[in-house]
Amino acid sequence: MVASVDAPEKMVGKAIKRREDPRLITGAGQFIDDLRMPGMLHIGLVRSPLAHAKIKSIDLSPALSMPGVVAAFTGEDFLDLNPLPAAWQAGGVTNHAVTPRVLAVNEVHLAGDPVAVVIAEDQYLARDAAEAVIVEYEELPVVVDAKKAAEAGAPQLHEEAPNNIVLEWSCGKDAEVVDKALADADVTAGLHIINQRLIPTPMEPRGSVARYDPGTGDYTLWITSQAPHVMRLLIAAFVLGIPEQKIRTISPDIGGGFGAKIFCYYDMPLTMAISKKLDGRPIKFFEDRVENYVSTTHGRDHISDVEVGATNDGKITALKVKTWANIGAYFSTIAAGIPTTLYGRMIAGCYKIPNIRVDVTATYTNTAMVDAYRGAGRPEAAYLIERVCDAVAAATGIDPAEVRRQNFIQPEDFPYDTGIGMLPYDSGDYERALDKALDLAGYTDLRAEQKRRIEAGEQKLLGIGLSSYVEVCGVAPSKWIGLGGEGWGAGLWESANIRVQLTGKTVVTTGSLPHGQGHETTFAQLVSDKLGIPYDDIQIKHSDSLGTPFGFGSYGSRSLTVGGTAIYKTTDKVIDKVKKLGAHMLEASEADVEFEHGKVFVKGSPDAAKSIQEIAAAAHVAYDLPEGMEPFLDETTYYDPPNCTFPFGTHVCVVEIDNDSGEVDIVKYLAVDDVGNVINPLIVGGQLHGGIAQGLAQALYEGAYYDDDGQLLTGSLSDYAIPKASQVPWYDLDSTVTPSPVNPMGAKGAGEAGTIASTPAVGNAVVDAVKHLGVNNIQMPMTPERIWTAINEAR
Amino acid sequence: MYPQQFEYVRPSSVDEAIGILASNPDAKVLAGGHSLIPAMKLRLAAPGTVVDIGKIDGLAGIDSRGGAKIGAMTTYAAIVDSDKLGDFPMLTEATKQVGDPSVRNRGTIGGSMAHNDPAADLTAVMLALNASVTAKGKGGEREVAVDDLFVGLLTTSLAEDEIITSVNIPNDFANAKQAYVKHAHPASGYAVVGVAVAVTEKDGKVESARIGVTGAPEHAKRATSAEAALTGKTLDAETIAAAAALAADDLGELNGDVYASPEYRAHLVRVLTKRALTQAAGL
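### Quick notes on the overall build of chain A
Then step 1. Regarding its fold elements, chain A presents 19 helices and 26 strands.
Then step 2. The globule rule puts the C-alpha radius of gyration for 795 residues at 28 Å, and the 28 Å found for chain A is close to it.
Then step 3. On the principal axes, the C-alpha backbone points of chain A span a range of 85 × 75 × 50 Å.
Then step 4. Considering chain A as a whole, with its 795 residues, one finds that 59% of them fall into the buried category.
Then step 5. Across chain A, the fraction of contacts at a sequence separation of at least 24, relative to all contacts at a separation of at least 6, is 79%.

Okay, structure coming up:
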């Protein structure tokens, strides 16, 4: 029953363990593949083995004759479903958006394109039956390279996109202005940068389970989605053409996403449509790892030519970038925003660069679709500008740390507009983070040791890499990002609801949701402090469109800064009502009472207080409320952020390279990150660890390759190198704290910072180790062979 | 990652297993399953019948009298944990580098020899230790030197109905100078290149040297020119460098993939041979 509870200890800032973890690490989580329902059927997809071909004929009969096969369909059977939506088309330019249908019709555009579906009693049989389907193809020519796709004579993927061009976009000053600044520069340098294709590889692949209710005409759809509310909207309004309320979407526990689970995929409407065709039998699709690799979205895949101009003392005066961005075979849900808004507009990094021009050409190729992957555009931008800083250092002979210092935006410059269409950076002290990192790493001594080894002719070369990064988080003010601005097809606000129930136990529902980030812990810490309710009395509910208010999902490091702010503002509304009712119960005027540590009391008389639990009970039973007050403590907020947030920091990576074999060893990794104020340092540390691992993996290990026929050569975990624990170094983490003025917590976001920062830190370290030999660039992943080759070629 | 439908049988004796294999050309032996099952899940292999030899008595265990006789079903983990293989420290060290703990707990030495993966670790080690396997089939039991066992990509000289019952290491290189070094693939952990060396000395000169190379060639092979360059010489840095320079000469056409070209593999063979010999020599 109702009990007043002593004010809990302060939770914000405490490194408590995640409350989710006992469930997740003891196998008590509920993932898509754990769903079992009576009458459930399984999908086996018939996928094209060819990367580009006309479909001549499909014979389903061999599959249909197998015992246990219930039905089979081709794309022709789903022509009543619209193609998937293109929800973010780049602002201000023409987008030739060609999205996939649930099953390919007439023509396939990548190896793995689904052309038919078999529905069977179990998943083994479904696969055997899918293999029995006979498809005749007429092979067409293939292109896999983003730049070659735009060249004359390249194989054409879609009639709607001449020359395979999805869009051409630019930002910054006129090309002539930047060309002149380059011509006037004391020194110039050029770089050709391939930001290679990566495969996101969440531990759990993707899947959908759909159940149609023939009685009501309603659907329930369980999905591995980072954005279940958005999926409900997109599928209802754009694919099926039914009211949103006819669909309930649920994201159960999700085993990682890294962006690849943001998007609207073919299997979502497909399972729904099949469930309807089969009178409501639940339909399950769950991809295996090979399917995940060929047909779930990939990330990065940019080819860039860069020119930079600088003064003799290392001040960057001009930066010109031309990038070809590979979009894959079709336009994925938000694909256009990644190489434009989130890349081009972040190209300045932490630096004041007066003349910038970025041109982006995005092209279709016969490869898996490319869309947001942890960092989404910002890692590509950070890698480019941080490699540019080292190129300027090499061209001027100035130390890389000094080049960065020369060009930093200064603390007094904030809010700072880089002049290339990004929102103003909120706050920062870039030099402080750099200085701290250099000091902690022992930078001067490292440089001396590097020199000594070179002079002694030692076999193990030392390389020191710096990365001073800034990124954009907490996306985004709806008006800026939306259709009149950057082209995002909706808003990007978040929502929260808080109900303090009769017993004082509290339910927070949020439109935001976790796929590994620990929302249930962080949000409860926040609410506990604000309302003075014990942490254990607060439950965070999420991920079900039926029980939670609308949210745009978890990506862009926005859950705390946007979703958390919605919660924060809701606690303020609860406190307002608690004070009103508390004052009434104390027979005092509202102006005379204070709320502190979960108690309302008349100023100066804290002993005669009413606890929030007592007040919640009074609000719920509603026997004696002030005139006009509604019962129950139940408040909701919809929050649209006024700006994004801009975390930053400096990472230092030290590598040893065997100059005989090209083998690399990371011997030190030190990060100074500024993510603003921190709610749970343990969770932020975990995010940074995982992020750094993912970023250094791009620098050293990961790369997705297609052969000229469009076959994925790195189609399994035994070819595609996700690093294991033994392949990543110890991380020394430190921080500076520059609160964001954008939200009341002063938080900036930490989900992607590590990934964005670490790729250039490691890449710069490798090149730094061999630069004395004349090497000025190595493409990623910087494998031993590539390093060995670079050393040989320079010699 | 769902295999095609298959029959599963679990014979209780080697003879019963041989009988099934002899009468069923579409059958495959399942030992630890850490090569066969992934291949089946990728649908690269689709045997009609899987013959699980895991419950046959007497196929696991290590007998160290006069060299070492290791039962075919002995797991990598059992080899790592064994106190009977002190004469062959390279075997223990190499086995620690096979896969990961779950692979080592299931994968077997006999399976490794019979599968003859081009990037396996122990194939090179057994070549360097001059080992043999005992194989049993319809025609009876025979001993096959590993020199004669590995004949092609994933191919051995065993007949379809033959099962390896043990791997036998002679006393030739007991307590010899030996080492296994490996450049592991960052994804699979398999050897991009692995080099196993075993060297005996007499009167301060190399009496006998064997070098097994895996990962680079079509199947594990010996670097015979490098072996010859060691024989009769003092095992010093100069000799090692001269021998290592020849290590890629006898391997035939080398493997190449997106991670490492044939040229780089050849280079790694020389680099790792030098490392292995230097380590074995204690220099």
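Right, picking up where we left off after that structure.
### Details of the domain arrangement of chain A
All names here are of chain A.
Then step 1. Domain assignment breaks chain A into domain 1 (21–29 + 493–639), domain 2 (32–140 + 206–286) and domain 3 (299–476 + 643–794).
Then step 2. Computed from C-alpha coordinates alone, the two centres of domain 2 and domain 3 are separated by 37 Å.
Then step 3. Each side of the interface is counted separately: domain 2 has 23 residues, and domain 3 has 23 residues.
Then step 4. When grouped by side-chain class, the residues that make up the side of domain 2 that touches domain 3 number 16 nonpolar, six polar and one charged.

### A short note on the sheet that holds strand β22 (residues 609–611) of chain A
Sheets are built from strands paired through backbone hydrogen bonds, the pairs being either parallel or antiparallel.
Residues and elements named next belong to chain A.
Then step 1. The three strands lie next to each other as β20-β21-β22, forming an open sheet whose pairing is antiparallel. Two strands bound the open sheet, and with one partner strand each, they are β20 (593–596) and β22. Strand-to-strand twist across the sheet, computed as the mean angle between neighbouring axes with direction ignored, equals 20°.
Then step 2. Pairing of β20 with strand β21 (residues 599–602), which is carried by four bridges, proceeds in the antiparallel orientation. Bridged to F595 within β21 is V600.

### Here we look at helix α12 (residues 443–456) of chain A
All names here are of chain A.
Then step 1. Given a rise of 1.5 Å per residue, 14 residues ought to cover 20 Å, and the 20 Å separating the end C-alpha atoms of α12 matches this to within 8%.
Then step 2. Little of α12 sits out of view: just one of its 14 residues are buried.
Then step 3. Residue G457 follows α12 closely and has a positive phi angle near 65°.

### What about the nonpolar core?
In summary, soluble globular proteins display a tendency toward joint burial of nonpolar side chains.
Then step 1. With 348 residues, the main nonpolar core has A:V118, A:V392, B:V125, B:V195 and B:V197 as its most contacted residues.
Then step 2. Beyond its immediate chain neighbours, meaning those up to four positions away, B:V195 contacts B:A124, B:V181, B:I211, B:V213, B:V269, B:L272, B:T273 and B:A276.

### Notes on the interface of chain B and chain A
Then step 1. Counting from both sides, the interface comprises 16 residues of chain B and, opposite them, 23 residues of chain A.
Then step 2. The residue makeup of the side of chain B that touches chain A, split by class, is eleven nonpolar, five polar and no charged.

### A look at unusual backbone geometry
Generally, phi is negative for residues other than glycine and the peptide bonds are trans, each holding for most cases.
Then step 1. Cis geometry is adopted by the peptide bond preceding A:P415, which originates at A:F414 and carries an omega value of -5°.
Then step 2. With omega at -5°, the peptide bond leading from A:M780 into A:P781 counts as cis.
Then step 3. Along the polypeptide, A:P781 turns up in the loop between α18 (753–770) and α19 (784–794).
Then step 4. Of note in the backbone geometry, A:F632 takes a positive phi value of approximately 75° without being a glycine.
Then step 5. Its place among the elements puts A:F632 in the loop between α16 (612–621) and β23 (633–639).
Then step 6. According to the C-beta neighbour criterion, A:F632 is partly exposed, with 16 such atoms within 10 Å.
Then step 7. Backbone geometry at B:D203 places phi at a positive 55°, although glycine is not the residue there.
Then step 8. Tracing the backbone through its elements, the reader meets B:D203 in the loop between β12 (191–202) and β13 (205–214).
Then step 9. Given 5 C-beta atoms within 10 Å, B:D203 falls into the exposed group.

### Focus on the pairing of strand β18 (residues 506–510) of chain A
Residues and elements named next belong to chain A.
Then step 1. Burial within β18 is extensive, with four of its five residues counted as buried.
Then step 2. Pairing of strand β17 (residues 494–500) with β18 involves five bridges; the strand directions are antiparallel. Each bridged residue has a counterpart across the sheet, and for R499 the counterpart in β18 is V507.
Then step 3. Where β17 folds back onto β18 in an antiparallel hairpin, the turn is made up of five residues, including G504, whose phi is positive at roughly 90°.
Then step 4. In this structure, β18 lies alongside strand β19 (residues 538–541), joined through four bridges in parallel fashion. If you follow T506 over to β19, its bridge partner there is I538.

### Concerning the pairing of strand β12 (residues 283–286) of chain A
Residue and element names in this part refer to chain A.
Then step 1. In β12, alternate side chains face the same way, and those of I283 and F285 on one face and K284 and F286 on the other are all buried.
Then step 2. Pairing between strand β1 (residues 41–47) and β12: two bridges, direction parallel. From the neighbouring strand, L41 faces β12, where its bridge partner is I283.
Then step 3. The pairing of strand β9 (residues 207–213) with β12 spans four bridges and is classified as antiparallel. Bridge pairing in β12 links G207 to F286.

Reading guide: rules and limits
Residues numbered from 1 in each chain as written. Chains lettered and ligands numbered in written order. Predicted model: local features only at pLDDT ≥ 70, side-chain atom pairs only at ≥ 80, totals over all residues. Helix = DSSP H or I, 4+ residues; strand = E, 2+ residues; numbered from the N terminus. Rg over C-alpha atoms; globule rule 2.2 N^0.38 Å. Buried ≥ 20, exposed ≤ 12 C-beta atoms within 10 Å, placed from the backbone. Contact = placed C-beta atoms within 7 Å. Domains from an automatic or database assignment. Nonpolar A, V, L, I, M, F, W, Y, C, P; charged D, E, K, R; others polar. Pairing = 2+ DSSP bridges. Axes fitted to C-alpha atoms, helices over the stretch in contact; angles between N-to-C directions. Expected span 1.5 Å × (residues − 1). Core = buried A, V, L, I, M, F, W, Y, C linked by C-beta atoms within 7 Å.

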